[in-house]
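# What the coordinates show
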Amino acid sequence: MKFFIDTANLAEIKEAYDLGVLDGVTTNPSLMAKENISGQENVINHYKAICDIVDGDISAEVIATDYEGMIAEGLALAALHPNIVVKIPMIKDGIKAIKYFSGKGIKTNCTLIFSAGQALLAAKAGATYVSPFVGRLDDISMDGMKLIEQIRLIFDNYGFETEILAASVRNPIHILKCAEVGSDVITAPLSAILALLNHPLTDSGLAKFLADHKKSAGL
Ligand code: E4P
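Residues numbered from 1 in each chain as written. Predicted model: local features only at pLDDT ≥ 70, side-chain atom pairs only at ≥ 80, totals over all residues. Heavy atoms only, no water.

### Structural notes on the packing of aromatic side chains
This model, assessed by the stated rule, comprises 5 aromatic pairs. Judged by centre distance (5.5 Å) and plane angle (75°), the ring pair of Tyr100 and Phe101 falls under edge-to-face. A relative accessible area of 26% means that Tyr100 is categorised as partly exposed. Following the ring pairs from residue to residue traces out a cluster consisting of Phe155, Tyr158 and Phe160. (Phe/Tyr/Trp six-rings, centres within 6.5 Å; stacked < 30°, edge-to-face > 60°. Buried < 20%, exposed > 50% of the residue type's maximum accessible area, 1.4 Å probe, protein only.)

Given below as structure tokens:
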């Protein structure tokens, strides 16, 4: 399973990449705003800075919601770096844009997926990734993980090459469940990825090993 980090924070992206387990980055307009990145030139420069840190797929989201606008923005984003994946919302014109980009060999990530039907449409249009939002479904008392399972089953039934990119992954349990049900990719905040490191028995075990070593070495 690939690990993407879900942030536009350069320090966090670097920390995750330096860990050696990062395969890519996802951003969205809210995450860019959180880092105070606004204005076309700043946004473009920020994507370039992310591409300089990470050798992997970087999702850059279009703001336009009409077909022509999404095509123009997507082409400009894709021209920035070969690793840019054009992130397109799950709307009617978005599906048309995904079909267009797929024909041009430009990678796409269809975002804001909340149903298996939406994922199926995006896959048929040739999306490289679909992003079902696990946490936001959980937030409204729906089972986000069930959606990942359902999409996995459908994609496997027909051999779709579109990868399931579980998004809105908020904690280490989400990450593990995604791995159990066969998500191709998870995108999560740094805190959720780092939380996988933790176990109290690891901490106490290491403390004991070091204490015993100190004793036997007469330190
Ligand atoms: C990723 O591509 C999504 O934009 C993101 O995972 C949404 O996460 P949130 O529901 O925690 O905002």
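Let us keep going from here.
### Digging into the pattern of salt bridges
Counted according to the given criterion, the structure contains 12 salt bridges. A salt bridge links Glu163 to Lys2; its shortest N-O distance comes to 3.1 Å. Taken together, the residues span a long stretch of sequence, with Glu163 in strand S7 (residues 163–166) and Lys2 in strand S1 (residues 2–6) at a distance of 161 residues. With a shortest N-O distance of 2.9 Å, Asp212 and Lys208 are connected by a salt bridge. One end of the pair is Asp212 and the other is Lys208, both in helix H11 (residues 200–216) and 4 residues apart, which spans about a single turn. Accessibility expressed as a relative area gives 31% for Asp212, which makes it partly exposed. Through salt bridges with shared partners, a single network forms among Arg152, Asp156 and Asp184. (Salt bridge = Lys/Arg side-chain N within 4 Å of Asp/Glu carboxyl O. Helix = DSSP H or I, 4+ residues; strand = E, 2+ residues; numbered from the N terminus.)

### A few points about the site of the ligand
Around the ligand sit Asp6, Thr26, Asn28, Lys87, Phe133, Arg136, Ala167, Ser168 and Arg170, and that is every residue in its neighbourhood. Lys87 is positioned such that a nitrogen or oxygen atom in its side chain is 2.5 Å from an oxygen atom of the ligand. Arg136 has a polar side-chain atom sitting 2.6 Å from an oxygen atom of the ligand. More than half of the atoms belonging to the ligand lie within 2 Å of the grid points that define the largest pocket. In terms of residue class, the shell around the ligand is made up of 2 nonpolar, 3 polar and 4 charged. (Near = heavy atom within 4 Å. Polar contact = N/O pair within 3.5 Å; in protein donor to acceptor, adjacent residues only side chain to side chain. 1 Å grid on protein atoms, 1.4 Å probe; cavity = no way out; pocket = protein on both sides within 12 Å on 5 of 7 lines; lining within 4 Å. Sits in = over half its atoms within 2 Å of the grid points. Nonpolar A, V, L, I, M, F, W, Y, C, P; charged D, E, K, R; others polar.)

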